[in-house]
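# Observations on the three-dimensional arrangement
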Amino acid sequence: EVAVESFGAVLGGAGGQRRCFGELLTYAAGMMCFACRPEWFHYAVVVGNELSMERVVRVRMDRTVCLQIWDACRDFGAAAARLTAAIRDSAVARRAP
């Protein structure tokens, strides 16, 4: 079935998973580095105050970094979207109550 075959594209190397996750992990490692900088708050959107405990709700990134991550994850994202569509269209899903 198409849905089963689509899992291989997402979970196997052909779907771009390795390249995408490698890029995401590289960015996450960089985020750990800027957390030690005194001006770390310039790289994030923080909500709350001292009483309610501040928390990071968004990480700011340069447009070029965003495009670089998207370039690395585009194939994997497309494979995941095809898998989602195949699951929705599968005979098993259509028979579900």
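Residues numbered from 1 in each chain as written. Predicted model: local features only at pLDDT ≥ 70, side-chain atom pairs only at ≥ 80, totals over all residues. Heavy atoms only, no water.

### Regarding a nonpolar patch on the surface
Rules: For patches, a residue must show more than 30% relative accessible area and have no salt bridge; joins then use 9 Å for like charges and 5 Å for nonpolar side chains, namely Val, Leu, Ile, Met, Phe, Trp and Tyr. Note on areas: Shrake-Rupley, 1.4 Å probe, and residue coverage restricted to the protein chains presented here. Within this document, salt bridges are pairs made up of a side-chain nitrogen of Lys or Arg and a carboxyl oxygen of Asp or Glu, the two lying within 4 Å of each other. A run of H or I in DSSP becomes a helix once it reaches four residues, and a run of E becomes a strand once it reaches two; helices and strands are each numbered from the N terminus.
A cluster of nonpolar side chains, namely Phe7, Leu11 and Ile87, defines an oily patch on the protein surface of about 280 Å² accessible area. Mapped onto the elements of the fold, isoleucine 87 is located in helix α3 (residues 63-89).

### Section: the state of the cysteines
Stated precisely, the cut-off is as follows: Working definition: a disulfide is two cysteine sulfur atoms within 2.5 Å of each other.
Counted by the stated rule, this structure contains one disulfide. Note that cysteine 20 is cross-linked by a disulfide to cysteine 73, the S-S spacing being 2.0 Å. Disulfide cysteine 20-cysteine 73: torsion about the S-S bond near 90°, hence right-handed. Here the residue cysteine 20 occupies a position in helix α2 (residues 17-34), and cysteine 73 occupies one in helix α3, the gap between them amounting to 53 residues.

### Overview of helix α1 (residues 2-11)
Defined as follows: The rule is simple: take the accessible area with a 1.4 Å probe, protein chains only, and divide by the maximum for that residue type; under 20% is buried, over 50% is exposed, in between is partly exposed. Summarising the geometry, the arc corresponds to the directions from the helix axis toward the C-beta atoms. The contact criterion used throughout is that any non-hydrogen atoms of two residues lie within 4.5 Å.
Where α1 is concerned, the buried positions are Ala3, Ser6 and Val10. Along the axis of α1, the buried residues cluster in a sector spanning 55°; they form a single face. Facing away from the buried surface of α1 by more than 90 degrees, the exposed residues are Val4, Glu5 and Leu11. In this structure, the buried residues of α1 make contact with α2 and α3.

### Here's the deal with the environment of leucine 11
Among the structural elements, leucine 11 can be located in helix α1. Look at leucine 11 and you get exposed, because its relative accessible area is 58%. Taking the C-alpha atoms as reference points, leucine 11 and alanine 80, 69 residues apart in sequence, are found 9.2 Å from one another.

### Section: the side chain of serine 6
Along the chain, serine 6 turns up in helix α1. Every residue in contact with serine 6, bar those within four places of it in the chain, is listed here: Arg82, Leu83 and Ala86.

### Observations concerning the packing of aromatic side chains
Keep this limit in mind: Aromatic rings from Phe, Tyr and Trp, taking only the six-membered ring of Trp, are treated as a pair when their centres fall within 6.5 Å; an angle between ring planes under 30 degrees marks them as stacked, one over 60 as edge-to-face, and anything in between as tilted.
With the rule as written, the count across this model stands at two aromatic pairs. Summarising the aromatic geometry, the rings of phenylalanine 21 and phenylalanine 76 are spaced 5.4 Å apart at their centres and angled 75° between planes, so their arrangement reads as edge-to-face. Taken together, the positions of phenylalanine 21 in helix α2 and phenylalanine 76 in helix α3 put the pair 55 residues apart, joining distant regions of the chain. For phenylalanine 21, a relative accessible area of 39% puts it in the partly exposed group. Note on phenylalanine 76: relative accessible area 14%, which makes it buried. Taking 4.7 Å as the distance between ring centres and 25° as the angle between the ring planes, the aromatic pair formed by phenylalanine 34 and tyrosine 43 counts as stacked. In this structure tyrosine 43 comes out as partly exposed when scored by relative accessible area, which is 25%.

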